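Architecture at a glance
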Number of protein chains: 4
Amino acid sequence: MTESKLRELYEQNLRQMDNLTEKQQNILKAALSLFAEQGFDATSSSQIAKRAGVAVGSVYQHFHNKRELLMAVLTPLTKSVFSQAADQFIDKTLDKDYNSLEQFIRALVADRMLFISNNREEFKIMLGQLLSDNQLGPELNHAFNEQPKTTAFPIIDRLKKKKLIIDYPNDVIVQFVFGPLVTFFGKIILAIKPMPIDQEINYAVGLIVNGLTPRSN
Amino acid sequence: MTESKLRELYEQNLRQMDNLTEKQQNILKAALSLFAEQGFDATSSSQIAKRAGVAVGSVYQHFHNKRELLMAVLTPLTKSVFSQAADQFIDKTLDKDYNSLEQFIRALVADRMLFISNNREEFKIMLGQLLSDNQLGPELNHAFNEQPKTTAFPIIDRLKKKKLIIDYPNDVIVQFVFGPLVTFFGKIILAIKPMPIDQEINYAVGLIVNGLTPRSN
Amino acid sequence: MTESKLRELYEQNLRQMDNLTEKQQNILKAALSLFAEQGFDATSSSQIAKRAGVAVGSVYQHFHNKRELLMAVLTPLTKSVFSQAADQFIDKTLDKDYNSLEQFIRALVADRMLFISNNREEFKIMLGQLLSDNQLGPELNHAFNEQPKTTAFPIIDRLKKKKLIIDYPNDVIVQFVFGPLVTFFGKIILAIKPMPIDQEINYAVGLIVNGLTPRSN
Amino acid sequence: MTESKLRELYEQNLRQMDNLTEKQQNILKAALSLFAEQGFDATSSSQIAKRAGVAVGSVYQHFHNKRELLMAVLTPLTKSVFSQAADQFIDKTLDKDYNSLEQFIRALVADRMLFISNNREEFKIMLGQLLSDNQLGPELNHAFNEQPKTTAFPIIDRLKKKKLIIDYPNDVIVQFVFGPLVTFFGKIILAIKPMPIDQEINYAVGLIVNGLTPRSN
DNA sequence: AATGAATGAGCGTTCATTCAT
DNA sequence: CATGAATGAACGCTCATTCAT
């Protein structure tokens, strides 16, 4: 699946979203929960139909095959990760003139950790696809590479000028900040009961900030 | 699948390993690569047979069903993760009387990052199963919880006594150290070209150590 | 398979019978003839599909596995043998006040011999299953033991009181009457051309009646 | 399979029987019991090998395929039924100058009922084959038709001359005598516990004799 | 003679997808 | 639009049979 295809799909899906009948919405919900519970491959069309309370044929009325249904399920997520979220984030953080590293990290970590927590099912599905779909990886790769350049990098650069952040390459810093987030998600996958999310955030922020703060000597 | 079952499987597989004919070895290799490329469910028996250069029936001669084959593929990994690795690690680190935090972190990060790098295919497969097999999670969970208590926790405690490490809960510290390792694995999954592994290690160690080192004031 | 399961199956099949599409009816017919010709195990799903003129998948649309199809095929028989037949028989014979042994035997033999003749294919299938399915035997055993007690035994008792029948145990008498019926079925299995059925009945009735009639001295 | 083929097989098997190693004998025994328990189709070569305590390949050393093994198992039976038994019977009964019907019937029924009881496993297997193998029926049919003509018919004719037996066609009489025998075998198949064999014989003989004895008036 | 790994056709069954109603 | 019976390719797996050792 090329990027253009994804965008096409996304946009056609977006258009559909508005027209979606109640039955279609139910199909989407049923698919989401089943894909998350059992994986995409292990979920059959008839299972989706049953949980949605419709006939099998109805599943194929709007979503012309199972893969298209998967994309429709994933679309709001990719949208959130790569555009909406970014935009929101720029509004929230770039506009404010962050003077302290902690303010910046806390805002970012809190935002993303809640995002992960709220969209855990979609993330699980997406990760599952990532592992088996060899074309999905490079595409997200691109997004992961490009997005921070326009959002996080400028902030980091400003913090660097003020000597408020350690002088490591920007991508290394971003990657480091992502560590606790990814670990948090890992706990969800492993069904490890996380601490209350506030605590998770506090500990993560404390350690990241300490890690990124330059030593005086 | 209970833990005892897993151990049974592992031991019977180990016994088989020795008796394995060349064709059976090929089947194991073929299964490993195909599971990693496409996922377990998406890989058919006939595909495995074809890549191994054998007949379908031969796949089932020693591995009585596909799941047993999966276990045979994953066995060396689980072994390494949960026993061998732990044992080695205790030898390597506990015996030496680590005086500096960096020595400890570097030893651990280098060891585990190489381990991840060397077993990336098996890890991808295991993660894939984790997402769809609801019984695998809790089992590994247990291992993840218990193992550090006997290996890493004593070292952390000693470092705490010497004020060489920040006074956070032990499990939070362990989780934080795992962050860059998990992120590193994430890059592999996303097919993001990592830096040379030495650099990955150096940056990770630098940031983790800085994050865990107490501030004087 | 417990009796309740059989009854469940029977009732759910009965419900299906009405809903059965023409293709499904063809599947039932094809299965019946193939099971009778070749036995249950030796008949493949694809063979059934081919003879029914449908796709393999259609065989499994209503009958969820081959065994359920077998039961659907046998159901009309078990129904007739163990309920309908019994009921009819009670109506036909118990109500009439049989005064002569011959009347009773002739009614019974004629009825059952026609029944065997009309359902020879189903009987062959059932016998085949009886030989390989160790759970079917005891179940029918029960039915064979219980049914006569409520239908034939009272009549025999009355005939005994009137000294119209030999004073042997009731079950021995029933078993003796069944002899020619079973032999008749044996001829069908061996593809031995039977005589015209009227003759078969006349001879059997003559010999059975003579066998059961008490000698004066 | 033509009759000549059966005879060929039988004779070649007979020759083999003498050369049979202990392992081969075990294979024969294992096959017999398994075929009787589960049916021919449901019994796999490896199952036979396991029960016989040999390797799969050994099963095919003497018996070149499963069907040949079946024949080897069935041969002693067909032999007994159609030649040995007949010969023995002629010796036992024809030579004696039966004056009473009961003597004749008792000898015959006792002999055959014990024969059935002793060879119940082989009979079950043979019946199973009879139901699925459309070529076996006519062959046995022939044997069933021809054998009595040379053994039982002359005796019956002599009894008729002495007015000791009812004047029904010979084949009807034979068929009637077989009734209780077949019913007895039916009980074995249905796993219905029979009475002590002496009782079974006594009741059967009593009823058959009564059935075949002419009434004075 | 005995072994058991290897073979591949064939089995029962599933399921994404289509289409007449 | 919705339905669900029909389709047939594909799957996991079995097993009679072969053959190198």
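Since we're looking at a predicted model, the values are computed, not measured. Within each chain, residues carry numbers counting from 1 in the order of the written sequence. A letter from A marks each chain and a number from 1 marks each ligand, given out in the order of writing. Given that the model is predicted, a residue must reach a pLDDT of at least 70 before its local features are reported, and side-chain atom pairs must reach 80 or more before they are shown or counted; all residues, however, enter totals for whole chains, interfaces and linings. Side-chain measures here rest on the full set of heavy atoms in the structure, leaving out hydrogens and waters.

Digging into the relation of the copies chain B and chain A
What relates the two chain copies is a rotation about an axis together with a slide along it. Here the copies are superposed with least squares, the fitted atoms being C-alpha atoms of residues at a pLDDT of at least 70 in both. When chain B is fitted to chain A, the best match, at an RMSD of 0.3 Å, comes from turning it 179 degrees and sliding it 0.1 Å along the axis. Taken together, the turn and the small shift mark the pair as related by a two-fold rotation axis. By C-alpha distance to the rotation axis, the residue of chain B lying nearest is B:G211, at 1.7 Å. Note on contacts: a residue pair qualifies if any of its non-hydrogen atoms lie within 4.5 Å across the two residues. An overlap of 96% is found between the interface residues of chain B and their copies at the interface of chain A, pointing to a shared contact surface.

Regarding the protein's contact with DNA strand F
Residues are counted as near a molecule or strand when any one of their heavy atoms sits within 4 Å of it. Around DNA strand F sit 31 residues, and of these A:S58, B:K66, C:Q24, C:S58 and D:S45 come closest. Within 4 Å of the protein, the contacting atoms of DNA strand F are drawn from sugar and phosphate to the extent of 66%. Between DNA strand F and C:K23 there is a distance of 3.2 Å, counted from a phosphate oxygen to a side-chain nitrogen or oxygen. At the level of elements, helix 2 (22–38) and helix 4 (56–62) of chain A, helix 4 (56–62) of chain B, helix 2 (22–38) and helix 4 (56–62) of chain C together with helix 4 (56–62) of chain D are the ones that each hand at least two residues to the surface near DNA strand F. For the purposes of this entry, the term helix denotes a DSSP run of H or I that reaches at least four residues, the term strand denotes a run of E that reaches at least two, and both are numbered from the N terminus. A per-element tally of the surface near DNA strand F places helix 4 of chain A first, with four residues. Charged residues are taken to be Asp, Glu, Lys and Arg, nonpolar residues to be Ala, Val, Leu, Ile, Met, Phe, Trp, Tyr, Cys and Pro, and polar residues to be all remaining types, Gly included. Looking at side-chain class alone, the surface near DNA strand F contains nine nonpolar, 18 polar and four charged residues. Whenever two N or O atoms come within 3.5 Å, that pair is a polar contact, provided that in protein one can donate a hydrogen and the other can accept it, and provided that, for residues adjacent in sequence, both atoms are side-chain atoms.

Thoughts on the interface of chain C and chain D
Tallying the contact residues gives 46 residues for chain C and 44 residues for chain D. Summed over both partners, the interface of chain C with chain D comes to about 3700 Å²; 65% of that surface belongs to carbon and sulfur atoms. Take a side-chain nitrogen of Lys or Arg and a carboxyl oxygen of Asp or Glu: if they are within 4 Å of each other, that pair is a salt bridge. Applying the counting rule to chain C against chain D returns zero salt bridges. Connecting chain C to chain D are 15 residue pairs in polar contact (both at pLDDT 80 or more). Of all the secondary structure elements, the ones that give two or more residues to the side of chain C that touches chain D are helix 2, helix 7 (120–132), helix 8 (136–161), helix 9 (170–189) and helix 10 (197–212) of chain C. Tallied by class, the residues present in the side of chain C that touches chain D amount to 26 nonpolar, 14 polar and six charged. When two parts are brought into contact, each loses some accessible area as probed by a 1.4 Å sphere; the total of that loss over both is the buried area.

Some words on the relation of the copies chain C and chain D
With an RMSD of 0.3 Å, chain C superimposes on chain D once it is rotated by 179 degrees and translated 0.1 Å along the axis. A shared binding surface is used by both copies, with 96% of the interface residues of chain C retained as interface residues in chain D.

As for the interface of chain B and chain A
Each partner contributes residues to the interface: chain B has 46 residues there, and chain A has 44 residues. A per-residue breakdown of the area chain B buries against chain A is headed by B:L131, B:L190 and B:L207, which together make up 19% of the total. Taken together, chain B and chain A are joined by zero salt bridges. Among the elements that make up the side of chain B that touches chain A, the one with the highest residue count is helix 9 (residues 170–189) of chain B (ten residues). For the side of chain B that touches chain A, the class distribution of residues is 26 nonpolar, 14 polar and six charged.

Focus on the side chain of B:D111
With respect to the element layout, B:D111 can be found in helix 6 (residues 101–118). A polar side-chain atom of B:D111 sits 2.7 Å from a polar atom in the side chain of B:R112.

Describing the UniProt feature "DNA-binding region" (unreviewed entry) in chain A
UniProt positions are given in the numbering used here, feature names are shortened, and annotations may be inferred rather than shown by experiment. The positions that UniProt labels "DNA-binding region" (unreviewed entry) are, in the present scheme, residues 44–63 of chain A. Each end of residues 44–63 of chain A is marked by a C-alpha atom, and these two atoms are 14 Å apart; helix forms 75% of the span and strand 0%.

Quick look at the protein's contact with DNA strand E
Contacts to DNA strand E come from 32 residues, most closely from A:S45, B:S58, C:S45, C:K66 and D:S58. Taken together, the sugar and phosphate atoms account for 68% of what DNA strand E places within 4 Å of the protein. For DNA strand E, a phosphate oxygen lies 3.0 Å from a polar atom in the backbone of B:A55. Ranked by residues supplied to the surface near DNA strand E, first place goes to helix 4 of chain D with four residues. Taken together, the residues that form the surface near DNA strand E break down as nine nonpolar, 19 polar and four charged.

Notes on the side chain of B:S33
All names here are of chain B. Assignment of secondary structure puts S33 in helix 2 (residues 22–38). Exposure classes here rest on a 1.4 Å probe applied to the protein chains alone. A residue is buried below 20% of its type maximum, exposed above 50%, and partly exposed in between. What makes S33 buried here is its relative accessible area of 16%. A polar side-chain atom of S33 sits 3.0 Å from the main-chain carbonyl oxygen of A30. If sequence neighbours within four positions are ignored, S33 has contacts with R51 and E121.

Here's the deal with helix 7 (residues 120–132) of chain D
For helix 7 of chain D, spanning 13 residues, the distance from its first C-alpha to its last is 19 Å, which sits close to the expected 18 Å at 1.5 Å a residue. Buried residues of helix 7 of chain D: D:E122, D:F123, D:I125, D:M126, D:L127, D:Q129, D:L130 and D:L131, and no others. In this scheme, a helix's expected span is set at 1.5 Å multiplied by one less than its residue total.

Focus on unusual backbone geometry
Positive phi is not limited to glycine here, since A:K163 has a value of about 55 degrees. Looking at where A:K163 falls in the secondary structure, it is placed in the loop between helix 8 (136–161) and helix 9 (170–189). One non-glycine residue, D:A191, lies in positive phi territory at about 60 degrees. Among the secondary structure elements, D:A191 is positioned in the loop between helix 9 (170–189) and helix 10 (197–212).

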